[in-house]
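Overview (structure and organization)
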Amino acid sequence: MRKSSEDVSRLIEMAWEDRTPFEAIEHNFGMSEAETITFMRRHMKGSAFRLWRQRVTGRKTKHLKLRSPDVSRGYCPTQYKSR
């Protein structure tokens, strides 16, 4: 399935967000964690991809099964600022 530039941008944004689990990406875009990693590798420069992988590897908030029940939202309250 081909993704619009808006979809690509939003998917990358969700992948970078600490509190957005891979399951939310799968729900919204139909891409598993492995597919998301492949997508990110294709759409980012090598150094940015390595930084992203370092950041999300082992991060409990990126996996619903590992995250604390205290984390009840998928984004920071200041993330969506009014324009």
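Note that this is a predicted model, so its numbers are computed, not measured.

Let's talk about the packing of helix 1 (residues 5–16) against helix 3 (residues 33–43)
- Here helix 1 crosses helix 3 at 115°, and the two axes come no closer than 11 Å. By the angle class used here, helix 1 and helix 3 are roughly perpendicular. Note that helix 1 runs across helix 3; the crossing there is left-handed. From helix 1, Val8, Leu11, Ile12, Ala15 and Trp16 reach across to helix 3, where they touch Thr36, Phe39, Met40 and His43.

Brief notes about the nonpolar core
- Counting residues in each nonpolar core, the largest one holds 16 residues, and the members touching the most others are Leu11, Ile25, Phe29, Phe39, Met40, Phe49 and Trp52.
- Elements supplying a minimum of two residues to this core: helix 1, helix 2 (22–29), helix 3 and helix 4 (46–56).

Topic: the environment of arginine 59
- As for its placement among the helices and strands, arginine 59 is situated in the segment after helix 4.
- Taking the relative accessible area as the measure of exposure, arginine 59 reaches 27% and is therefore partly exposed.
- The spacing of arginine 59 and proline 21 is 38 residues in sequence and 9.6 Å in space, taken between C-alpha atoms.

Points about the pattern of salt bridges
- Inspection of every chain in the model, using the stated rule, returns three salt bridges.
- The salt bridge partner of arginine 10 is glutamate 13, with a shortest N-O separation of 3.2 Å. Taken together, the residues span about one helical turn, with arginine 10 and glutamate 13 both in helix 1 at a distance of three residues.
- Residue glutamate 13 is classed as partly exposed on the basis of its relative accessible area, which comes to 34%.
- Here glutamate 17 makes a salt bridge to arginine 10, at a shortest N to O gap of 3.2 Å.
- Classification of glutamate 17 as buried rests on a relative accessible area of 13%.
- Since its relative accessible area comes to 26%, arginine 10 is described here as partly exposed.
- Three or more residues are tied together by salt bridges with common partners; here these are Arg10, Glu13 and Glu17.

Parameters and conventions
- Residues numbered from 1 in each chain as written.
- Predicted model: local features only at pLDDT ≥ 70, side-chain atom pairs only at ≥ 80, totals over all residues.
- Heavy atoms only, no water.
- Axes fitted to C-alpha atoms, helices over the stretch in contact; angles between N-to-C directions.
- Helix = DSSP H or I, 4+ residues; strand = E, 2+ residues; numbered from the N terminus.
- Parallel < 35°, antiparallel > 145°, perpendicular 65-115°, else oblique.
- Left-handed = near helix turned anticlockwise from the far one by under 90°.
- Contact = heavy atoms within 4.5 Å.
- Core = buried A, V, L, I, M, F, W, Y, C linked by side-chain atoms within 4.5 Å.
- Buried < 20%, exposed > 50% of the residue type's maximum accessible area, 1.4 Å probe, protein only.
- Salt bridge = Lys/Arg side-chain N within 4 Å of Asp/Glu carboxyl O.

Honestly, that's just the spatial picture; any functional story needs more than this.
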